[in-house]
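Residues per chain are reported as follows:
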Amino acid sequence: MTARAVTEATFEQEVLNSEKAVLVDFWAEWCGPCRMVSPILDQIATEHADKLDIVKLNVDENPQLAMKYQITAIPAFKVFEKGEVVKTVIGAKPKPALEADLAAYIS
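All of the points below concern the structure found in this document.

Reading the values: rules and limits
Residues numbered from 1 in each chain as written. Predicted model: local features only at pLDDT ≥ 70, side-chain atom pairs only at ≥ 80, totals over all residues. Heavy atoms only, no water. Helix = DSSP H or I, 4+ residues; strand = E, 2+ residues; numbered from the N terminus. Rg over C-alpha atoms; globule rule 2.2 N^0.38 Å. Buried < 20%, exposed > 50% of the residue type's maximum accessible area, 1.4 Å probe, protein only. Pairing = 2+ DSSP bridges. Axes fitted to C-alpha atoms, helices over the stretch in contact; angles between N-to-C directions. Contact = heavy atoms within 4.5 Å. Phe/Tyr/Trp six-rings, centres within 6.5 Å; stacked < 30°, edge-to-face > 60°. Salt bridge = Lys/Arg side-chain N within 4 Å of Asp/Glu carboxyl O.

## Here's the deal with the overall build of the protein chain
- Along the backbone of the protein chain there are five helices and five strands.
- Helices (α) and strands (β) of the protein chain occur, in sequence order from the N terminus, as β-α-β-α-β-α-β-β-α-α.
- By the compact-globule yardstick of 13 Å for 107 residues, the protein chain fits well, its C-alpha radius of gyration being 12 Å.
- Projected onto its principal axes, the C-alpha coordinates of the protein chain cover approximately 30 × 30 × 20 Å.
- Taken over 107 residues, the protein chain has a buried fraction of 47%.

## So, the sheet that holds strand β4 (residues 76-81)
- Spatial ordering of the open sheet is given by β1-β3-β2-β4-β5, a layout of five strands whose pairing is mixed. Edge positions in the sheet fall to β1 (4-6) and β5 (84-90), since each of these pairs with one other strand and no more. For this sheet the average axis-to-axis angle between neighbouring strands, irrespective of direction, equals 30 degrees.
- Pairing of strand β2 (residues 21-27) with strand β3 (residues 52-58) involves seven bridges; the strand directions are parallel. Across the sheet, residue Val22 finds its bridge partner in β3, namely Asp53.
- Each of β2, β3 and β4 is contacted by helix α2 (residues 32-47), which is oriented at about 155 degrees to β3, the strand it contacts most.

## Observations regarding the environment of His48
- Structurally, His48 is set in the loop between α2 and β3.
- Between the C-alpha atom of His48 and that of Glu99, which follows or precedes it by 51 residues, the distance is 10 Å.
- Sequence-distant contacts of His48, defined by excluding residues within four places in its chain, comprise Glu99 and Ile106.

## Overview of the packing of aromatic side chains
- Here the structure, examined in full by the defined rule, presents four aromatic pairs.
- Measuring from centroid to centroid gives 5.7 Å for Phe11 and Tyr69, while their planes differ by 40 degrees, and the two rings are tilted. In this pair, Phe11 is assigned in helix α1 (residues 11-16) and Tyr69 in the loop between α3 (63-68) and β4, connecting sequence segments 58 residues apart. Residue Phe11 shares its accessibility class with Tyr69, and that shared class is buried.

## Topic: the pattern of salt bridges
- Per the counting criterion, the structure on display carries eight salt bridges.
- With a closest N to O distance of 3.0 Å, Asp25 and Lys56 form a salt bridge. With a gap of 31 residues between them, Asp25 in strand β2 and Lys56 in strand β3 connect regions that are remote in the sequence.
- Overall, the relative accessible area of 0% leaves Asp25 in the buried class.
- For the salt bridge of Glu47 with Lys95, the shortest nitrogen-to-oxygen distance reads 2.8 Å. Residue Glu47 is found in helix α2, and its partner Lys95 is found in helix α4 (residues 95-101); the two are separated by 48 residues along the sequence.
- The class for Glu47 is partly exposed, based on a relative accessible area of 43%.
- What emerges from the salt-bridge pattern is a single network uniting Arg4, Glu14, Lys20 and Asp53.

The analysis is restricted to geometry; functional conclusions fall outside its scope.
The structure is reproduced here in structure tokens:
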């Protein structure tokens, strides 16, 4: 399982109205660290699919959402629960560090 893409058109349904926690990966094609962390997010998405959904939002293609959630550096990750941001993580990290940041949502 890999993280699926969301857009401004699907964000409300896929993220804000989700029954479980959703991690949104704010990224861009030209961002090297974003590309480095992508396979790690895919692994976490596969290993914890029952507890956490992981989606990707391209900030270049969806600037309104990037602005709304004050994305000033990428990669940036926001965890949403019941339509609210409950956790923000900034920057590419190795898998153990990301899992530690997400422990409350995946354990």
